[in-house]
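Chain residues, written in single-letter form:
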Amino acid sequence: MTENVWTRWPSREALGPRGVSRPRRLLAWAVRLLVVSALMWSAFHDSHVHGWASVAGAGGVLVAGGLAWALFRTTLEHRLFPSLALLLVLMGLAVGAEAAGFRSPAVVLWCGCAITALERLPLRAALPAASVGFAAFAVVNDDPGTTTAVVVGAMALAGYALRLDAEARGNAQRLLAQERAARVAEAESAALAERARIAREIHDVLAHSLSAQLVHLEAARLLIERGADREQILDRVVAARGMARDGLEETRQSLSALRGELTPLEDFLTDLVRASDGAEVTVEGERRPLPAEASQAVRRVAQEALTNARKHAPGAKVRVRLEYGPQEVTLNVRDAGGPPGELAEAGGGYGLLGMRERAELLGGSLAAGPGEEGFVVTLKVPV
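Residues numbered from 1 in each chain as written. Predicted model: local features only at pLDDT ≥ 70, side-chain atom pairs only at ≥ 80, totals over all residues. Heavy atoms only, no water.

### With respect to helix α9 (residues 265-274)
- Along α9, the residues classified as buried are Leu265, Glu266, Phe268, Leu269, Leu272 and Val273. Down the axis of α9, the sector holding all buried residues measures 160°, keeping them to one side. (Buried < 20%, exposed > 50% of the residue type's maximum accessible area, 1.4 Å probe, protein only. Helix = DSSP H or I, 4+ residues; strand = E, 2+ residues; numbered from the N terminus. Arc of directions from axis to C-beta.)

Here is the structure:
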């Protein structure tokens with residue numbers, strides 16, 4: 001709902017001193033001191049007033065200064081009726097000053113109240129208050145009517161200009177505060193995203209490593225149950241130990257990748273298939289560096305797909321194809337199929353699900369299912 005312009009207060013940022021430059025604050029205080037000094041001089045040196053009347057006039061100036069300070073506080077707190085009451089008292093004090101022969105202080109009070117009302121009050125209250133102040137000034141002013149009207153118009157424009165300037169400053173303060181809050185929120189969001197990325201990376205490394213270890217340990221268990229040869233069992237245990245060592249190395253590599261220290265993707269895939277019997281890799285398209293997240297997604301999917309191939313189709317030939325396209329990079333891992341291995345039921349089955357979630361976070365996709373001859377995993381990541 002749009003706030004009514006007639007009932008809207010200038011914002012607290014506009015009415016407060018915050019955001020005002022130091023030179024401008026010094027200038028404002030200098031003007032106030034000059035006005036008070038001029039009024040005090042007028043009180044003591046007015047040719048029509050002498051003796052205790054001059055002292056009373058000086059006291060009135062001090063009282064008016066205190067009331068003006070109170071008016072600034074009540075308007076800053078958006079308290080309408082106390083502000084109007086203080087304006088009424090100040091104008092009444094101006095009437096008393098005029099009756100006592102202090103015309104200059106009276107004129108300053110009337111005009112000051114009118115300009116302050118235009119600057120600091122809602123317009124529905126500011127316009128009547130300013131009209132009273134300017135009308136009182138016009139009554140006591142000795143200049144011709146046209147000159148008085150011009151002076152009143154100029155002071156009214158000055159008061160409204162001060163209001164617009166204060167509101168502009170207040171808007172700038174609010175925008176600055178919102179920008180700072182947005183930057184803080186952005187930094188917190190980036191930190192949370194980075195933590196999530198690190199956690200996801202370490203999770204994927206550990207999940208792959210532990211899944212591969214589980215494959216070999218499960219094979220060792222089956223061999224023990226069947227009374228197999230000691231060398232066969234030992235081979236499986238040694239392979240599990242090697243997987244644990246590789247997992248630690250992959251963890252180090254992942255941490256290096258998070259620092260931007262990635263080995264070329266083609267070299268990684270070549271080393272990966274070299275460790276898998278019956279696997280080969282081909283690379284198509286124009287090779288180019290990939291963003292860290294996209295590169296890590298390709299690496300993890302390749303590892304998971306080869307682990308699944310060893311579990312579900314042991315000994316089958318596996319072909320890994322990496323294709324660089326103009327808008328995306330595609331990884332295709334396909335095995336030749338065969339009878340399911342003894343370890344087909346090992347593991348929790350969450351590896352490819354995690355890889356699919358990783359791909360979707362990057363705006364890509366992952367498809368996994370039976371192909372013409374075996375199982376096919378296809379990852380597409382935009383770059």
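### Remarks on the confidence of the model for the protein chain
- Averaged over every residue, the pLDDT of the protein chain is 77; the share at 70 or more is 79%.
- Counting interchain partners and residues more than four positions distant, the pLDDT-below-50 stretch residues 346-350 has five contacts. (pLDDT = per-residue confidence, 0-100. Contact = heavy atoms within 4.5 Å.)

### Examining the packing of α9 against helix α10 (residues 292-312)
- In contact at an axis separation of 11 Å, α9 and α10 are set at 10° when each is read in the N-to-C sense. One way to sum up the angle between α9 and α10 is to call them roughly parallel. In contact with Leu265, Phe268, Leu269, Leu272 and Val273 of α9, α10 contributes Ser295, Val298, Arg299, Ala302, Gln303 and Leu306.
- By residue class, the composition of the contact of α9 with α10 is eight nonpolar, two polar and one charged. (Axes fitted to C-alpha atoms, helices over the stretch in contact; angles between N-to-C directions. Parallel < 35°, antiparallel > 145°, perpendicular 65-115°, else oblique. Nonpolar A, V, L, I, M, F, W, Y, C, P; charged D, E, K, R; others polar.)

### Comments concerning the sheet that holds strand β2 (residues 318-324)
- The sheet built from five strands is open, its strands ordered β1-β2-β3-β5-β4 with mixed pairing. One side of each edge strand has no neighbouring strand; the edge strands of this open sheet are β1 (279-284) and β4 (365-371). Averaged over all pairs of adjacent strands, the angle between strand axes in this sheet comes to 10°, irrespective of strand direction.
- When β4 meets strand β5 (residues 374-382), the two strands line up antiparallel, connected through seven bridges. Bridge pairing in β5 links Gly369 to Val376.
- Contacts from α9 reach β1, β2 and β3 (328-335) within the one sheet, and its direction differs from that of β1 by about 165°. (Pairing = 2+ DSSP bridges.)

### Notes on the packing of aromatic side chains
- Under the criterion given, the structure shown has zero aromatic pairs.
- Positioned over the ring face of Phe268 is Arg299, at 5.1 Å from the centre of the ring. (Phe/Tyr/Trp six-rings, centres within 6.5 Å; stacked < 30°, edge-to-face > 60°. Lys NZ or Arg CZ within 6 Å of the ring centre and 35° of its normal.)

### Some points on the pairing of β5
- Where β3 and β5 come together, seven bridges link them in antiparallel fashion. Residue pairing for β5: Val329 is matched across the bridge by Val381.
- The antiparallel pairing of β4 with β5 creates a hairpin that spans two residues between the two strands.

### Re the nonpolar core
- Leu87, Leu90, Trp110, Ala117, Leu121, Phe134 and Phe137 are the most contacted members of the largest nonpolar core, which has 32 residues in total.
- For this core, the leading source of residues is helix α5 (residues 103-120), giving nine residues.
- When near neighbours in sequence (up to four residues on either side) are disregarded, Leu121 contacts Trp9, Pro10, Thr75, Leu80, Ser83, Leu84, Leu87, Thr116, Ala126 and Arg163. (Core = buried A, V, L, I, M, F, W, Y, C linked by side-chain atoms within 4.5 Å.)

### Some details on a nonpolar patch on the surface
- Where nonpolar side chains cluster on the molecular surface, the patch consists of Val5, Trp6 and Leu127 and spans about 270 Å² of accessible area.
- Within the element layout of this structure, Trp6 appears in the segment before α1 (12-15). (Patch = residues over 30% accessible without salt bridge, like charges linked within 9 Å, V, L, I, M, F, W, Y side chains within 5 Å. Areas by Shrake-Rupley, 256 points an atom, 1.4 Å probe, with all protein chains shown as cover. Salt bridge = Lys/Arg side-chain N within 4 Å of Asp/Glu carboxyl O.)

### Thoughts on the packing of helix α4 (residues 80-99) against α5
- Look at α4 against α5: their axes get within 7 Å of each other, and the N-to-C directions meet at 160°. The angle between the axes of α4 and α5 places the two elements in the roughly antiparallel class. When the axes of α4 and α5 are compared, the crossing they make is left-handed. Listed contacts from α5 to Leu87, Leu90, Met91, Leu93, Ala94, Val95, Ala97 and Glu98 of α4 are Arg103, Ala106, Leu109, Trp110, Cys113 and Ala117.
- Partitioned by chemical class, the residues of the contact of α4 with α5 number twelve nonpolar, no polar and two charged. (Left-handed = near helix turned anticlockwise from the far one by under 90°.)

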